[in-house]
Amino acid sequence: MSSKKKKTEIKKDKNKDIIIIVLMLIIIVLTIIGIINTWGKINSKEKITNKKFIKVVQKLKFDTKDIKEEQGKEREKMLTSVTSATKEDLTIDFYVFKTEKIAKGAFFSGEELFSDIKNISYKENVERGKNYSRFLVNKDNRYGIVSRIDNTLILIDTTKNNKKEVEKVMKEIGY
């Protein structure tokens, strides 16, 4: 074999190696980008509109009522809408606030609703994500949820008798 042929083969082998390395790097970079994009979606939830909330709960045989005016003048300024869904002794309130900051404050106020329950571990009952917070109470005969996504908030304070119905609604609306 001539030295010219050997040099050509060596050059071809180096080109193949470079192409393989570049392809591997592209695959690695695309995989990392995919993981980052997926993580952002996994750690966040999609809020619903008041109209969607009403549609879902009415399908589940709840009566709905706009209660924004019942909130008082100061709270009314912070709200876009408030709908109360009622079925027998179960009431679910759905708030749409003007900003996410106001909704976050309301989330903490909602948690205070359950402050009278002794021996409840805050750490064990709260879940947080990129754009949401959820606080669950399942103690004694009481069952309650405060769930916020972006500028919306669900508030439920009921008995354990309604747990299955609450879980059904929460699953339907994605909160």
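These notes cover the structure that comes with them. (Residues numbered from 1 in each chain as written. Predicted model: local features only at pLDDT ≥ 70, side-chain atom pairs only at ≥ 80, totals over all residues. Heavy atoms only, no water.)

With respect to the overall build of the chain
Counted only if it meets this: Counting from the N terminus, the helices are DSSP H or I runs at least four residues long and the strands are E runs at least two residues long. Burial classes follow relative accessibility: with a 1.4 Å probe on protein chains only, a residue under 20% of its type's maximum area counts as buried, one over 50% as exposed, and anything between as partly exposed. Contacts: residue pairs with any heavy atoms within 4.5 Å of one another.
Looking only at helices and strands, one finds 6 helices and 7 strands in the chain. Traced from its N-terminal end to its C-terminal end, the chain shows the element sequence α-α-β-α-β-β-α-α-β-β-β-β-α. Counting the 175 residues in the chain, one finds 33% classified as buried. Considering only intrachain contacts with a sequence separation of at least 6, the fraction spanning at least 24 residues in the chain is 50%.

Some words on the environment of arginine 148
Definition in use: N or O atoms within 3.5 Å of each other form a polar contact, as long as, within protein, one can give a hydrogen and the other can take it, and as long as residues adjacent in sequence are counted only when both atoms are side-chain atoms.
Within the secondary structure, arginine 148 is located in strand β6 (residues 142-149). Not counting chain neighbours up to four residues away, the residues in contact with arginine 148 comprise Glu100, Ala103, Lys104, Phe107, Asn131, Tyr132, Ser133 and Leu153. A distance of 3.5 Å separates the side chain of arginine 148 from the backbone oxygen of asparagine 131, its partner in a polar contact.

Description of the layout of surface pockets
So the rule is basically this: Grid points spaced at 1 Å over the protein atoms alone were grouped into cavities, where a 1.4 Å probe fits but cannot get out, and pockets, open sets with protein on both sides within 12 Å along at least five of seven lines, with lining residues defined by an atom within 4 Å of a point. Grid points are joined across faces, edges and corners, and a volume is the space filled by probe spheres set on the points. All residues other than Ala, Val, Leu, Ile, Met, Phe, Trp, Tyr, Cys, Pro, Asp, Glu, Lys and Arg, Gly among them, are scored as polar; the first ten of these are nonpolar and the last four charged.
By volume, the largest pocket is sized at about 180 Å³. The wall of the largest pocket is formed by 13 residues, among which Arg75, Phe97, Gly105, Ala106 and Ser109 lie closest to the centre. Among the secondary structure elements, those contributing two or more residues to the lining of the largest pocket are α3 (73-78), β3 (90-97), α4 (100-112) and β7 (152-159). For the lining of the largest pocket, the element with the highest residue contribution is α4, accounting for 5 residues. Its residues assigned to classes, the lining of the largest pocket shows 9 nonpolar, 3 polar and 1 charged.

Remarks on the environment of leucine 113
Residue position: leucine 113 is located in the loop between α4 and α5 (122-125). What makes leucine 113 partly exposed here is its relative accessible area of 36%. Apart from residues no more than four positions distant in its own chain, leucine 113 is found in contact with Arg142, Leu155 and Asp157.

Some remarks on the nonpolar core
Across soluble globular proteins, you tend to see nonpolar side chains buried next to one another. To keep it simple, the criterion reads: As used here, the term nonpolar core means buried Ala, Val, Leu, Ile, Met, Phe, Trp, Tyr and Cys residues forming a set that is joined through side-chain atoms within 4.5 Å.
Phe53, Ile92, Ile154 and Ile173 are the most contacted members of the largest nonpolar core, which has 22 residues in total. At the level of secondary structure, the elements contributing two or more residues to this core comprise α2 (50-59), β3, β6, β7 and α6 (163-173). Apart from residues no more than four positions distant in its own chain, isoleucine 92 is found in contact with Phe53, Phe62, Thr83, Ser84, Ala85, Ile154, Leu155, Ile156 and Val169. Of all hydrophobic cores here, the second largest spans 15 residues; its members include Ile67, Val82, Tyr95 and Phe107.

Section: the pairing of strand β2 (residues 79-87)
Working note: regular strand, side chains alternate between the two faces of the sheet. What counts here: Whether two strands pair depends on DSSP finding at least two bridges between them.
With 4 bridges joining them, strand β1 (residues 63-66) and β2 adopt antiparallel strand pairing. Within the sheet, the bridge partner assigned to aspartate 66 lies in β2 and is threonine 83. Alignment of β2 against β3, held across 8 bridges, turns out to be antiparallel. Looking at the pairing, valine 82 lines up with tyrosine 95 of β3.

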